[in-house]
Amino acid sequence: MTTLHTPSADTLTQAGSCLRQGGLVAMPTETVYGLAADATNTQAVARIFAAKGRPSFNPLITHVTTLDSIAQHAHLDDRAHTLAHSLWPGPLTLILPRKDTSTISPLVTAGLPTLAFRIPAHPIAKALIEAAGRPLAAPSANPSGMLSPTTPLHVAETLGNKVDMILAAGATDVGLESTVIDLSTPTATLLRPGTITAEQVSQALGAPVDTNIKHTKSNTGEHSSITSPGQLLKHYAPRTALRLNAIDLTPGEALLAFGSITFMGIQGGGAAKELPSNALQNLSETHNLHEAAANLFKMLHTLDKGGFHSIAVMNIPHTGLGIAINDRLHRAAQQTEQT
Ligand code: TXA
Ligand code: MG
C-alpha cells in the first residue's frame, strides 16, 4: 500500500516532480480527494482511467489555480467571468468550449468539444498544482462506481497500490463533489448538484439555470447520448443496498439517520437508538445539511463495512444542499448498473 505523505514543502516538491514525470498523486480538495495527473500528458491521464477502472468516455475535471491558465485552453464568456469572480476558488466546476490550441490531452475530454475546469480552494490542492506547474486532471480518487473518498484512508484502502503518492490532509470539509455547471449552452445548465446551489449560480448570473437533470440509465448506452457521463444513475454506490425515506427499521438493517431518532422503532420490537455504532450513523442530529453533506460518504463507508443486508436512510429535506445529498443517495440506491 502507498504510504500516506503529510504535506510539507519537501513532499509537495516531490509530488510536483512525480506529476511532471507522469505519476499519479492523490490530493485533498475541499470537496473530496482527487486522483491527479498532468492533464497535458496522455500517458499519465491513461493511468487515471486504468487505476479507477473508469469507462474511458467519462471525461475528467482539470484543476488550475488561475483564470489565465483556463483562458489558454477554453473560451471564457461573460457568464464564466462572473461565476469565476463570485464563486472561485471553490466547489464549482464549469464546462467551457475548448480552444483548438489547447494542449490538454484529448483523453481528458473523452472526445467532447468542451473542457471541465475547477479552481479548488484547498491550500494543499493549490500548492500541488503550483508545484507541478501543470493543469491537473483529477477525478474523485475512488474505483469507478464506488463512493467518493473524503479521507486519505479511503484512498489508501481502495486505490493504495495504484497511486504513487497520497497527500494526507485529514477529512475534507464539504464532503460532496463539486457542483457542475455547463456554460457551453445558451442557458447555463446544472449537470451535477453540489454545495453551491443552482439558486446561487442563478443569482450570481442574474439569469435562470436549467436544473432539469436527465439521468442516463445505463453506462452501456451510446456515447453520444451522454452529455455528462457523471449522470450515469449508478455512480456513487456502496456495496450494501440502500432503502430511502425509511420511517422505521427492519431487523438486521443499519440506519443512516438525519435528525432525532428518539422514537424510531425496529419492526418486531426494539428501538433504533439502541443500535451499536457500526449499525447507526447520524448525518446530523441537529438537522444541519452542511454537516450531513460532510458526513455522507464517510458514514456510508462505515455502514457499508458492517455486512448488513441493507442500510435504511431517513428522509432528507429536498431544499438547498439537500438536493445534492438526495442526488447522491438516489444514485447510490440504484442496484442495476455498476460502472
Ligand atoms: O469535487 C469534484 O468535482 C472532485 C474533485 C476531485 O475535484 N472531482 C470529481 O471528478 O468529482 P469526477 O471525475 O468524479 O466527476 C467529474 C464530473 C463527471 O460527472 C463528469 O462526467 C463531468 O464532471 N464532466 C467532466 N468533463 C465534462 C465535460 N466536458 N462535459 C460534461 N461533463 C463533464
Ligand atoms: Mg467521481
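Throughout, residues of each chain are indexed from 1 in the direction in which the sequence is written. By the order in which they are written, chains take letters starting at A while ligands take numbers starting at 1. Note on the predicted model: pLDDT of at least 70 is required for a residue's local features to be given, and 80 or more for side-chain atom pairs to be given and counted; whole-chain, interface and lining totals, by contrast, use all residues. Only hydrogens and water are set aside when side-chain values are computed; all heavy atoms of the structure are taken into account.

(A) Focus on the overall build of the protein. Numbering goes from the N terminus for both helices and strands, where a helix is a DSSP run of H or I of at least four residues and a strand is a run of E of at least two. Along the backbone of the protein there are 10 helices and 14 strands. Radius of gyration (C-alpha) of the protein: 20 Å, near the 20 Å computed for a compact globule of 339 residues. Its C-alpha atoms give the protein principal-axis dimensions of about 65 × 45 × 35 Å. Buried, partly exposed and exposed residues are distinguished by accessible area as a fraction of the type maximum, computed with a 1.4 Å probe on protein chains only: under 20%, between the cut-offs, and over 50%, respectively. Expressed as a percentage of its 339 residues, the buried residues of the protein come to 58%. Contacts: residue pairs with any heavy atoms within 4.5 Å of one another. Restricting the contact set of the protein to residue pairs at least 6 apart, pairs at least 24 apart contribute 69%. Here the protein displays about 13700 Å² of accessible surface, and carbon together with sulfur accounts for 53% of that area. Throughout, the radius of gyration refers to the C-alpha atoms, and the reference size of a globule is 2.2 Å times the residue count to the power 0.38. Computed with a 1.4 Å probe, the accessible areas rest on the Shrake-Rupley method; for each residue, only the protein chains presented here act as cover.

(B) Structural detail: the nonpolar core. Residues grouped as a nonpolar core are buried Ala, Val, Leu, Ile, Met, Phe, Trp, Tyr and Cys residues, joined through side-chain atoms within 4.5 Å. Counting residues in hydrophobic clusters, the biggest one holds 46 residues, and the most contacted among them are Ile 70, Trp 88, Leu 96 and Ile 181. Only strand E3 (34–38), helix H2 (42–52), helix H3 (67–71), helix H4 (78–87), strand E5 (92–97), strand E6 (114–118), helix H7 (152–159) and helix H8 (198–205) provide two or more residues apiece to this core. The biggest single contributor to this core is H2, with five residues.

(C) Quick peek at the sheet that holds E5. Being paired, for any two strands, means DSSP has found at least two bridges between them. Judged by pairing direction, the sheet is mixed, and its 10 strands sit side by side in the order E1-E8-E2-E3-E7-E4-E6-E5-E9-E10 without closing on themselves. Edge strands, defined here as strands with exactly one partner in the open sheet, are strand E1 (4–5) and strand E10 (189–192). By the bridge criterion, four bridges tie E5 to strand E9 (residues 179–182) in an arrangement that is parallel. Note that in E9 the partner of Leu 94 across the bridge is Ile 181. Against the sheet, helix H1 (residues 9–20) contacts E1, strand E2 (25–27), E3, strand E7 (136–137) and strand E8 (165–167), and its axis sits at roughly 135° relative to E8. Only the contacting stretch of a helix is used when fitting its axis, a line to C-alpha atoms as for every element, and angles between N-to-C directions run 0 to 180 degrees.

(D) Quick look at unusual backbone geometry. With an omega dihedral of -5°, the bond running from Trp 88 to Pro 89 counts as a cis peptide bond. Within the element layout of this structure, Pro 89 appears in the loop between H4 and E5. The backbone phi angle of Ala 110 is positive, close to 50°, even though this residue is not glycine. By secondary structure assignment, the location of Ala 110 is in the loop between helix H5 (106–109) and E6. Even without being glycine, Asn 245 reaches a positive phi, approximately 55°. Judged by relative accessible area, Asn 245 falls into the partly exposed class, the value being 47%.

(E) Quick peek at the pairing of strand E14 (residues 310–313). Of the two faces of E14, the one holding Ser 310 and Ala 312 and the one holding Ile 311 and Val 313 are both buried throughout. Two elements, strand E11 (residues 241–243) and E14, share three bridges in a ladder whose sense is parallel. Each residue of the ladder has a partner; that of Arg 243, found in E14, is Ala 312. By the bridge criterion, three bridges tie strand E12 (residues 254–257) to E14 in an arrangement that is parallel.

(F) Up close: H1. A helix's residues, less one, multiplied by 1.5 Å, set its expected span. Here H1 is 12 residues long and its end C-alpha atoms lie 17 Å apart, about the 16 Å a rise of 1.5 Å per residue gives. Listed in full, the buried residues belonging to H1 are Thr 11, Leu 12, Ala 15, Gly 16, Cys 18 and Leu 19. Along the long axis of H1, the arc covered by the buried residues comes to 160°, so they all point the same way. Opposite the buried face of H1, by more than 90 degrees, sit the exposed residues Ala 9, Asp 10 and Thr 13. Looking at the buried residues of H1, the elements they touch are E1, E2, E3, helix H6 (123–132), E7 and E8. Downstream of H1 by one or two residues, Gly 22 has phi in the positive range, about 95°. As used here, the arc is the angular range of directions from the helix axis to the C-beta atoms.

(G) Local environment of the pattern of salt bridges. For salt bridges, the criterion is a side-chain nitrogen of Lys or Arg within 4 Å of an Asp or Glu carboxyl oxygen. Counted under the stated rule, the structure contains 10 salt bridges. Arg 328 is paired through a salt bridge with Glu 177; the nearest N and O atoms lie 2.8 Å apart. With Arg 328 in helix H10 (residues 322–333) and Glu 177 in the loop between E8 and E9, this pair connects stretches of sequence that are 151 residues apart. The partner of Arg 243 in a salt bridge is Glu 253, with the nearest N and O atoms 2.8 Å apart. Of this pair, Arg 243 sits in strand E11 while Glu 253 sits in the loop between E11 and E12, and the two are 10 residues apart along the sequence. Judged by its relative accessible area of 29%, Arg 243 is partly exposed. Through salt bridges with shared partners, a single network forms among Glu 177, Asp 327, Arg 328 and Arg 331.

(H) Broad picture of the sheet that holds E11. As summarised here, the arrangement of the four strands in space is E11-E14-E12-E13, forming an open sheet in which the pairing is parallel. For this open sheet the edge positions go to E11 and strand E13 (280–282), each flanked by a neighbour on one side alone. Between one strand axis and the next, the sheet turns through 20° on average, direction left out of account.

(I) Highlighting the packing of H4 against H8. The contact between H4 and H8 brings their axes to 9 Å, and the two run at 115°. When the axes of H4 and H8 are compared, the crossing they make is right-handed. Across from Arg 79, Thr 82, Leu 83, Ser 86 and Leu 87 in H4, the residues of H8 making contact are Gln 200, Val 201, Ala 204 and Leu 205. Amino acid classes used here: Ala, Val, Leu, Ile, Met, Phe, Trp, Tyr, Cys and Pro are nonpolar; Asp, Glu, Lys and Arg are charged; the rest, including Gly, are polar. Along the lines of polarity and charge, the residues of the contact of H4 with H8 split into five nonpolar, three polar and one charged. Put simply, a crossing is left-handed when the front helix is turned counterclockwise from the back one by less than a right angle, and right-handed when it is turned clockwise.

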